[in-house]
Structure formats: C-alpha cells, structure tokens
Amino acid sequence: MVKVDISGALGFVSESEINSLDTRKPLETLKTLYENGWMELPATFSAELSGQIKSLSDNIKKQSEVLIVLGIGGSYLGARAAIEYIKSPNYNMLKKNTPDIYFAGNNASGEYLEQIFELIGDRNFSVNVISKSGSTIETAIALRFFKAHLLERYGENGLKDRIYVTSDIGSPLIKMAQESGFSYLEMPPEVGGRYSFLTVVGLLPCAVAGIDIDEIMAGAKEEYENGLEAACLYAKTRQALYKKGKNIEMLASFEPAFRFMGEWWKQLFGESEGKEGIGIFPSYADYSADLHSMGQLIQEGERNLQETFVSFNEPRQNPKVPGGDIHSDKISAIAGFDMHKINMSASEAVKKAHIDGGVPVLELGLPVLSAKSFGALVYFFMRSCAISALISGVNPFGQPGVEAYKKNLFAILGL
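Residues numbered from 1 in each chain as written. Predicted model: local features only at pLDDT ≥ 70, side-chain atom pairs only at ≥ 80, totals over all residues. Heavy atoms only, no water.

Student: Can you tell me about the pattern of salt bridges, naming the residues and giving the values?
Tutor: Evaluated as defined, the whole model comprises 15 salt bridges. Salt-bridge contacts for arginine 123 lead to aspartate 100; the nearest nitrogen and oxygen are separated by 2.9 Å. Residue arginine 123 is found in the loop between helix H6 (110–120) and strand E4 (125–131), and its partner aspartate 100 is found in strand E3 (residues 100–104); the two are separated by 23 residues along the sequence. Under the relative-accessibility criterion, aspartate 100 is labelled buried at 9%. A salt bridge links aspartate 168 to lysine 132, with the shortest nitrogen-to-oxygen separation between them at 3.0 Å. Pair noted here: aspartate 168 is in strand E5 (residues 163–168) and lysine 132 is in the loop between E4 and helix H7 (137–160), with a separation of 36 residues, a long-range link. Under the relative-accessibility criterion, aspartate 168 is labelled buried at 13%. Look at lysine 132 and you get partly exposed, because its relative accessible area is 22%. (Salt bridge = Lys/Arg side-chain N within 4 Å of Asp/Glu carboxyl O. Helix = DSSP H or I, 4+ residues; strand = E, 2+ residues; numbered from the N terminus. Buried < 20%, exposed > 50% of the residue type's maximum accessible area, 1.4 Å probe, protein only.)

Student: Mind laying out the nonpolar core, listing which residues take part and the relevant values?
Tutor: Generally speaking, nonpolar side chains in soluble globular proteins are found buried as a group. Formed by 87 residues in total, the largest nonpolar core has its most connected members in Trp38, Leu198, Ile216, Trp264, Leu377, Phe380 and Phe381. In terms of residue count, the dominant contributor to this core is helix H15 (residues 371–392) (13 residues). Those residues in contact with tryptophan 38 that lie beyond four places of it in its chain are Val191, Tyr195, Tyr379, Met382, Arg383, Ala386 and Phe397. In terms of nonpolar packing, the next biggest core, distinct from the first, is built from 25 residues, Val66, Val165, Ile174 and Phe182 among them. (Core = buried A, V, L, I, M, F, W, Y, C linked by side-chain atoms within 4.5 Å. Contact = heavy atoms within 4.5 Å.)

Student: Account for helix H14 (residues 339–356), with residues named and values stated.
Tutor: Helix length check: H14, at 18 residues, gives a terminal C-alpha distance of 26 Å against a target of 26 Å (1.5 Å per residue), a fit within 8%. Among the residues making up H14, those that are buried are His340, Asn343, Ser347, Val350, Lys351 and His354. One face of H14 carries all of its buried residues, which in axial projection span an arc of 100°. Opposite the packed face of H14, turned more than 90 degrees from it, sit the exposed residues Lys352 and Asp356. Considering only its buried residues, H14 is in contact with strand E1 (3–5), helix H13 (295–300), strand E9 (305–312) and strand E10 (361–366). Residue aspartate 338 occupies the N-cap position of H14, its side-chain oxygen lying 3.2 Å from the main-chain nitrogen of histidine 340. Of the residues one or two after H14, glycine 358 is the one with positive phi, at around 100°. (Expected span 1.5 Å × (residues − 1). Arc of directions from axis to C-beta. Polar contact = N/O pair within 3.5 Å; in protein donor to acceptor, adjacent residues only side chain to side chain.)

Student: Would you mind going over the pairing of E4 in detail, with residue names and values included?
Tutor: In terms of residue burial, E4 counts as a mostly covered element, since seven of its seven residues are buried. Alternating positions in E4 separate into two faces, Phe125, Val127, Val129 and Ser131 on one and Ser126, Asn128 and Ile130 on the other, with burial throughout. Where strand E2 (residues 66–70) lies against E4, five bridges are found, and the strand directions are parallel. Residue pairing in the sheet places valine 69 in a bridge with asparagine 128 of E4. (Pairing = 2+ DSSP bridges.)

Student: Requested: an account of the packing of aromatic side chains, with residues and values cited.
Tutor: Throughout the structure, instances matching the rule amount to 24 aromatic pairs. An aromatic cluster of at least three residues, connected via ring pairs, comprises Tyr85, Phe197, Phe258, Tyr284, Phe312 and Phe374. When the ring centre of tyrosine 91 is taken as origin, the NZ or CZ atom of lysine 96, which lies over that ring, is 4.8 Å away. Over the aromatic face of tyrosine 234 sits the side chain of arginine 238, whose NZ or CZ is 5.7 Å from the ring centroid. (Phe/Tyr/Trp six-rings, centres within 6.5 Å; stacked < 30°, edge-to-face > 60°. Lys NZ or Arg CZ within 6 Å of the ring centre and 35° of its normal.)

Student: Residues and numbers for the sheet that holds E4, please.
Tutor: For sheets, the rule is that strands pair by backbone hydrogen bonds, running either parallel or antiparallel. Overall, parallel pairing links the five strands, which are arranged E3-E2-E4-E5-E6 in an open sheet. Of all the strands in the sheet, the pair left with one neighbour each is E3 and strand E6 (183–187). With strand direction ignored, the average angle separating the axes of adjacent strands in the sheet is 15°. Together, E4, E5 and E6 form the strand contacts of helix H8 (residues 172–180), whose direction differs from that of E5 by roughly 140°. (Axes fitted to C-alpha atoms, helices over the stretch in contact; angles between N-to-C directions.)

Student: Mind laying out the sheet that holds E1, listing which residues take part and the relevant values?
Tutor: Strand order in this open sheet of five strands is E1-E10-E9-E7-E8, and the pairing throughout is mixed. Edge positions in the open sheet fall to E1 and strand E8 (281–286), since each of these has one partner strand only. Taking the axes of each pair of neighbouring strands and ignoring which way they run, one obtains an average angle of 20° across the sheet. With six bridges joining them, strand E7 (residues 248–253) and E8 adopt parallel strand pairing. Considered in E8, the bridge of serine 253 is made with aspartate 286. Against the sheet, H14 engages E1, E9 and E10, with an angle of about 165° to E9.

Student: Explain the pairing of E5 to me, using residue names and the numbers behind them.
Tutor: Taken across its six residues, E5 has six buried, putting it largely inside the fold. With five bridges connecting them, E4 and E5 associate as parallel partners. Looking across to E5, one finds that serine 131 is bridged to serine 167. Of the crossover connections in this fold, the one passing from E4 over H7 to the parallel E5 is right-handed. As judged from the five bridges shared by E5 and E6, these two strands associate in the parallel manner. Each bridged residue has a counterpart across the sheet, and for valine 165 the counterpart in E6 is tyrosine 184. Read as a crossover between parallel neighbours, the route from E5 over H8 to E6 is right-handed. (Right-handed = clockwise from strand over helix to strand, strands pointing away.)

Rendered as structure tokens:
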C-alpha cells in the first residue's frame, strides 16, 4: 500500500550505491532476534483479541464522557497519532458519540495535570494507564493524581470499574490490577514499547475513539504481506544518503492530521538508530506552515538534510476556492481550484525547490487518510526502521541511553 519514490534522491546518490547496501543479513537477523515479535502482529491478530478490546472499549464508552490515557513514548504517541490521522486533530472538539480523549503521564508538569482536571470538569471519566515496565516515573506520578480523583468522585467500588491497565505480564501495574480488581490487558512481552502500537497499547484508545481497529490491522497485514521490497528501498536509500553526509532526516506532510504521526516516527527512528555514536537525526515539519518558519534554513542552510514527504492521492474533503476579489491579493484566477490540487501543487513546488537547493527528497505515497492506510504506514515504518538500523550496525530494539536521565532523576529526588 505504501509506495516509495526515490527519484528525488538520485541526483545525490546513485542506484548502485543504494543497491550496494545488502539487506539480506539484516532480514536474517530480524528473524532470529527475540525482540522481533512485533513483526508477526498483523498475522497473529485474532478475532478473539479484537473482541476483547472492543468489549473493554464499549464499557468505557458507556460509562464515561472522557478517557484519560496515561503513558509516555510508545505508550501514547501511536494512539494519539492514530486519532488525529484517522479522525481529526480536533477530535475532542467534534460533535460525536464517543468520549473525549486526553493524554497525560507524558511529562512532569503540574500545570498540565491541573488543566486536564479542568477539562474533565464534572463529566464522568475513566483512565487507561499504559506502561510496559509498570514503573515509568512520569506515568506513575500521573496515575496517583488520577486515582485520587477517581476515588474522591466514585469511591472504592466505583474506582474498580474506571481504571484500565495495559502492561507486561508480571509488572507492578498488572499485579496492582489483579489485587484491586481493575480490568487489564497484557502486552506481548516480546514487543518493545515503540513497536507496540499494533497491540492493545494503541488499539484500545483507538476503539474508544470509534476507530475500526480491524481496518487498522487489515492495512498492517497488507503491508506485512506485500511491502517488504518498499521497506527495504526506503531503508537503503536513507542509509545511502547518510553515508553522503545527510545526517538529518526531515519527515514532512502537507496534511495537518499527520503531525502526531511525525512525533511517533521521531521516537521510533530516534530510539532505534541513535546509538554507538551514529544515527540519522529524525525531525518533522508540518508543511506548508513550517515553510514560513523553517523554509529558509531548509532551502539554504547547511546541506546535511534529507527529506521524506508523505502524501495522499485522494482527499477526504475537497472544497473549491470561492470566487470574487476580497482585496488586491492578485490570485483571483485561482477561483474554482480544488484544495487538493493546490496542496499537491505546493508539494511539487517545494520538492523542486529543495532538490534544486541541495536537499534530496524521498516520497511515500498512500491512497487516503484512513484506518487502513494508518495501519499500513505504521507497519511500513517499523519494518523499514529495523532494517535501516541493522544496516548501520546497531541493535534497533534497545535504548540504553534512555536510562541515564532516569538514574539521575531518581538520585536528585533521593529515591
């Protein structure tokens, strides 16, 4: 489903240089690594698991007007990305028959927490706490706040029905859920956090938002079955460009609904590749808005950038520009143009300008913003990320550097 176009990079790196990066060993390694359980998720997703997730989501939708998702990194980025991509960046402001969804436990700001409580107001709410280890400090702190609010509002008996736990088997969170009578879903222990969206981690919040999780998994399965060549091409091309000094990759889309997909992508590639003194720095730009803030640097700054554009063939909505001169804006001839044509023209104009300015551009094409294309893109990025990291010689499934700040934080707090 994901189409890869590398023509915008071939002026900077040759096809022979790209093809010289052999993916056979990385693919063999992926088959043997214990942590690669995510690779089979589209094939092993069952009607039973789908039904279990939907049953819990139905309970949440019946009992609550708000769901609070507590988690950090891979425990929340995928779900937030999916809701914005499939539904809308303005999901919570839309008229709908599903709960508002707010994300917390991803920072240590007391002001942020208090604002979430204000947004909940007197509405009924439930909490889905997500943590693979069960001991992530930002999430654990937030859980204490929300548990106290739930207890104050609903009492001990009501509390049991409004906390939903997602964690590894045997984690402190699962033990707490078992002892307290909370509903819980177990994460596959062999699946790392940033590779976990296609599990209960991402699928339960999506189901609460009214997203068809079976469609997400159908898109992922299509990519699992047919997308290996495309994933290898993307991985090899970005690594070949890295060898040419293009050590920053700017992912960009011309659809605002894609923004948090960019945030999810940054964690996936940053934590997987940034090790042992190497790694392509992942960044994201929201075009065309960021062209008016970052465009000058991208066009004429240091020539260490590569870009990857994500585009969609068909729009979900496509209004036409109204006619009439509002003022002397000199664009009256554009009346009657549809917005998709203008947006795609902007993409082509930016691509040409950046290539001419010394920035190679790869393009990833999908049919339309939908649950199915989201699932496909998630799987495409996970597979290509793992391959790319292995090409560079690092293990894509560890993140030892993340632990450094945690140790310092505990020491500073005297814990």
